[in-house]
Amino acid sequence: MPQIEEAQPKYLQIAHFIRDQILRGDLRPGDEVPSERQLAADWKVSRPTAARSLEALSHQGLVEKRQGSGTYVRSLEVNRRARELYGRARQTGKIYSPGEYAVITSAGWSEAPEHVVEALGLGKDRRVVHRRRVTNDQDGPITLSTSWFAPDVGSKAPKLTDPERIQQGTLLYIEKMTGRQGSYAEDRMCARSATAEEAADLRLDQGSAVLVVHHVVFDLQDRPLEFAEATYPPHRWAFEQGYPLV
């Protein structure tokens, strides 16, 4: 039986154990994950605890429950660029690849918009730290993005309010300053027309179509650590995925 760390709720320990198997490729898309009954027996927990672990995995977008069949690993639709940035930062200490650079156009404390309040789970204190940046390469803007951080994170990580670049990236800096480690992320994507401000920053014609990604990073306790909204110009994004036909 896997060992359970008492620092976290048991259902999260189980969920994180299965999540790591999925991310390592030990469990692949379409594979069935252990049932509630099996998890309860293997981890010596109650059925409701086992069920809650599967619900956590479903909330993270990693598994899907099929009525009358079981719970299976989903095909992972992820924000590939975000994953690449985090991986590069952890391996090299630098978040951008050669030829890319970011210009921080705004940073500091501000009042959170309603969708940011919801994403970060803020209470009465709606103050947040924001960082707005345009990332470029030799061909022009790649993306416009704004990150928001809750008051406790902003207070412990003062560089977030500085318009200078954070070389290792904001996530690694936050982890170091707060002791909270990023665990997984959720992305929601949609397409819409660019606002006037977005069109100006991305050098687009008014009304151009853009891809918008809402990106939430959660820590090991499933608490929101960062919420970001990234806007991509139409020639900078595409989706590619291979899958079996039988």
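In what follows, the structure referred to is the one given above.
Residues numbered from 1 in each chain as written. Predicted model: local features only at pLDDT ≥ 70, side-chain atom pairs only at ≥ 80, totals over all residues. Heavy atoms only, no water.

Caption draft 1: Just the overall build of the chain, in detail. If you tally the helices and strands in the chain, you get 8 helices and 8 strands. Counting all 246 residues of the chain, 46% fall into the buried class. Contacts in the chain between residues at least 24 apart in sequence constitute 61% of all its contacts with a sequence separation of at least 6. For the chain, the computed accessible surface area is about 13,800 Å², with 48% contributed by carbon and sulfur atoms. (Helix = DSSP H or I, 4+ residues; strand = E, 2+ residues; numbered from the N terminus. Buried < 20%, exposed > 50% of the residue type's maximum accessible area, 1.4 Å probe, protein only. Contact = heavy atoms within 4.5 Å. Areas by Shrake-Rupley, 256 points an atom, 1.4 Å probe, with all protein chains shown as cover.)

Caption draft 2: Representation of unusual backbone geometry in the model. In this structure, K44 is a non-glycine residue whose phi angle is positive, near 55°. Position of K44 relative to the elements: it lies in the loop between α2 (36-43) and α3 (47-59). Phi at R203 is positive, roughly 60°, even though this residue is not glycine. Assignment of secondary structure puts R203 in the loop between α8 (196-202) and β7 (209-219). For R203, a relative accessible area of 63% puts it in the exposed group.

Caption draft 3: Spatial organisation of α3. With 13 residues, α3 should cover 18 Å at 1.5 Å per step; its first-to-last C-alpha distance of 18 Å lies within 8% of that length. Those residues of α3 that fall on the buried side of the exposure criterion are A50, A51, S53, L54, A56 and L57. Those residues of α3 hidden inside the fold are in contact with α1 (10-24), α2, β1 (63-66) and β2 (70-73). Phi for G61, located one or two positions after α3, is positive at around 80°. (Expected span 1.5 Å × (residues − 1).)

Caption draft 4: Looking closely at helix α7 (residues 170-178). With respect to burial, α7 is a largely interior element, 7 of its 9 residues being buried. Every buried residue of α7 is accounted for by T170, L171, L172, Y173, I174, E175 and T178. Directly beyond the C-terminal end of α7, a positive phi value near 80° is found at G179.

Caption draft 5: Structural detail: the packing of aromatic side chains. Evaluated as defined, the whole model comprises 3 aromatic pairs. With a centroid separation of 4.9 Å and 10° between ring planes, the pair formed by Y184 and F218 is classed as stacked. Linking Y184 in strand β6 (residues 182-193) with F218 in strand β7, this pair joins segments that are 34 residues apart in sequence. The ring of Y11 carries the charged tip of R52 above its face, separated from the ring centre by 4.0 Å. (Phe/Tyr/Trp six-rings, centres within 6.5 Å; stacked < 30°, edge-to-face > 60°. Lys NZ or Arg CZ within 6 Å of the ring centre and 35° of its normal.)

Caption draft 6: Looking closely at the pairing of β2. Of the two faces of β2, the one lined by G70 and Y72 and the one lined by T71 and V73 are each fully buried. The pairing of β1 with β2 spans 4 bridges and is antiparallel. Across the sheet, residue E64 finds its bridge partner in β2, namely Y72. Linkage of β1 to β2, two consecutive antiparallel strands, is achieved through a turn of 3 residues, within which G68 is found at a positive phi near 75°. (Pairing = 2+ DSSP bridges.)

Caption draft 7: Local environment of the nonpolar core. Judged by nonpolar contacts, the single largest core of 19 residues is most densely connected at I18, I22, V33, L39 and L57. At the level of elements, α1, α2 and α3 are the ones that each hand at least two residues to this core. With 6 residues, α1 is the single largest residue contributor to this core. Each residue touching L39, except ones within four places of it in the same chain, is listed here: I14, I18, P34, K44, V45, A50, S53 and L54. Judged by nonpolar contacts, the second largest core, of 13 residues, contains V117, A119, W148 and F227. (Core = buried A, V, L, I, M, F, W, Y, C linked by side-chain atoms within 4.5 Å.)

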